[in-house]
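# Inside the fold
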Amino acid sequence: MGCCHHYDFVAGNESVFAVDPTALHFGPGVLRELGAEARALGLKRIALFTDVRIAELPALTAARTSLREADIDVVLYDEVRVEPTDASFEAAGRFAAEGKFDGFVSIGGGSVMDTCKAANLYSTHPADFLAYVNAPVGEGRAVPGPLKPHIACPTTSGTGSECTGIAVFDLLAQRVKTGIASRYLKPTLSLVDPTVTASLPANVVAASGFNVLSHALESYTAVPYTRRVAPQSPDLRPMSQGANPWSDVGCAEALRRTGEYLVRAVRDADDVEARHGMMFAATLAGIAFGNSGVHLPHGMAYSVAGLIRDYQPEGYPEDEPICPHGISVIVDAPSVFRFTAPADPGRHLEAAGYLGADLRDVGPEDAGEALAGHIVAMMRDTDMPNGLEAIGYGEADVAALAQGAYRQQRLLKNSPIEVGESELSDLYRGAARYW
Ligand SMILES: [Zn+2]
């Protein structure tokens with residue numbers, strides 16, 4: 001027996017799960033401690049990554065003041081793209097290599113933190129760009145060793161990137177979203193200051209909040225780590241280990257908080273308890289999915305975002321069509337959880353309960369509907385798009401979407417039910433419209 005029924009041990013399969021957390025300091029005002037923390041890491045000259053919109057915010061001023069007071073030489077890099085690409089990662093890598101920095105600070109959303117991870121990687125261990133990119137899109141070569149210190153300071157409550165070793169980008173030539181994953185990409189320290197969310201537009205809070213919700217749900221329902229064949233040596237154990245007792249703890253608490261706070265945080269920017277609560281939920285979910293991995297909604301989201309034609313949501317830059325990551329994930333999620341529930345109805349019901357669904361008279365056969373229905377109700381309460389049709393996709397796009405998703409093998413392998421292109425096509429059809 002494993003440590004609980006969900007994790008029964010099987011001969012020859014994995015019996016160990018690893019916990020490699022990022023050091024984390026959380027609370028209002030923690031950004032004022034940035035200079036002292038950078039000093040404590042021995043940093044004297046840092047690259048400060050951010051994007052042009054964040055560069056205007058009080059959070060950045062507080063952080064820069066703190067770095068200046070600690071006598072640290074700061075060079076600003078504010079050319080991060082909102083959805084990074086291989087080109088924007090490479091440009092950041094060149095900047096990092098030329099600057100001869102002894103460490104990095106990122107202040108921003110997932111795009112900023114991910115770009116900083118990539119810049120740190122390619123300037124510390126130079127290689128062809130595709131060398132470290134996940135196979136089969138890239139070579140999937142292992143990162144050879146530790147990077148320079150990186151202090152990550154998230155300004156949205158969604159990605160959890162401050163706790164993960166993952167950097168996601170669009171590979172322009174292949175029109176596919178993919179990433180680089182290595183424990184060495186994890187920031188050295190993350191400073192999470194929930195006061196930075198006060199100025200976020202409602203639609204940004206909603207999109208990033210649903211990203212949190214899906215991180216937690218996908219990690220909680222991922223294939224159990226005990227189903228994976230045991231690695232030949234510990235260094236071959238994947239970072240995305242599958243669901244395990246450690247990630248379950250973070251998921252359950254992230255789901256409870258998301259159920260309690262997401263709709264409130266979207267509707268009322270002055271609801272400090274809700275906005276701070278979502279920030280902590282994002283961090284908890286980040287710790288969980290960085291340890292266990294996400295699956296189908298994220299695998300499907302990559303092609304939804306990558307193939308977008310003319311969608312332009314409120315609260316985002318208006319210079320080009322964009323499907324924010326959280327929206328590309330949540331439009332797929334209800335369809336996915338209807339499909340995966342039979343793999344483990346009890347877990348899906350528990351998750352629905354954590355989110356606050358009314359489970360009276362709901363049996364195991366209704367688990368998928370109970371969970372999907374509750375997510376859909378939350379989407380309606382926060383003005384999220386009504387499925388794929390609402391962001392411009394139709395039946396004619398299903399084949400291309402499914403082909404794109406099928407390339408996300410690293411994520412698909414984490415699904416509790418195996419899928420091929422035909423299952424993915426059906427999942428996209430099921431996501432066309434929800435109400
Ligand atoms: Zn995500």
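For the structure itself, look to the data block above.
What counts, and at which threshold
- Residues numbered from 1 in each chain as written.
- Predicted model: local features only at pLDDT ≥ 70, side-chain atom pairs only at ≥ 80, totals over all residues.
- Heavy atoms only, no water.
- Phe/Tyr/Trp six-rings, centres within 6.5 Å; stacked < 30°, edge-to-face > 60°.
- Helix = DSSP H or I, 4+ residues; strand = E, 2+ residues; numbered from the N terminus.
- Buried < 20%, exposed > 50% of the residue type's maximum accessible area, 1.4 Å probe, protein only.
- Lys NZ or Arg CZ within 6 Å of the ring centre and 35° of its normal.
- Pairing = 2+ DSSP bridges.
- Right-handed = clockwise from strand over helix to strand, strands pointing away.
- Donors = N, O, S within 2.8 Å, 3.2 Å for Na, K, Ca; no water.
- Tetrahedral: all angles 85-135°; square planar, octahedral: opposite > 155°, others 65-115°.

Here the structure, examined in full by the defined rule, presents 14 aromatic pairs. Ring geometry for Phe49 versus Tyr77: centroids 4.9 Å apart, planes at 40 degrees, classification tilted. In this pair, Phe49 sits in strand E2 (residues 45-49) while Tyr77 sits in strand E3 (residues 73-77), placing the two residues 28 residues apart along the sequence. Take Phe49 and Tyr77: they sit in the same class, and that class is buried. Geometrically, the ring pair formed by Tyr122 and Tyr132 is tilted, given 5.6 Å between the ring centres and 55 degrees between the ring planes. Residue Tyr122 is located in helix H4 (residues 110-124), and its partner Tyr132 is located in the loop between H4 and strand E5 (150-154); the two are separated by 10 residues in the primary sequence. One exposure class covers both Tyr122 and Tyr132, and it is buried. Pairwise contacts between aromatic rings join Phe49, Tyr77, Phe95, Phe101 and Phe104 into one cluster. Sitting over the ring of Tyr220, Arg347 keeps its end group 4.1 Å from the ring centre.

Here the focus is the pairing of E5. Taken across its 5 residues, E5 has 5 buried, putting it largely inside the fold. Burial of the side chains of E5 extends over both faces: His150, Ala152 and Pro154 are buried on one face and Ile151 and Cys153 on the other. Examined bridge by bridge, strand E4 (residues 103-108) and E5 share 5 bridges and lie parallel to one another. Bridge pairing links Ser106 to Ala152 in E5. In this view, the connection linking E4 to its parallel neighbour E5 by way of H4 has right-handed handedness. Examined bridge by bridge, E5 and strand E8 (residues 189-192) share 2 bridges and lie parallel to one another.

Here we take up the coordination of the zinc ion. Looking at the metal site, the zinc ion is ligated by Asn211 (OD1), His215 (NE2), His298 (NE2) and His325 (NE2), spaced 2.1 to 2.2 Å from it. Around the zinc ion sit 4 donor atoms; with metal-centred angles ranging over 85 to 169 degrees, the donor geometry is irregular. Read in sequence order, the donor residues for the zinc ion give the motif N-x3-H-x82-H-x26-H. Here His215 is found in helix H5 (residues 202-221), whereas its partner His298 is found in helix H8 (residues 296-306), with 83 residues between them in sequence. Since its relative accessible area comes to 4%, His298 is described here as buried.

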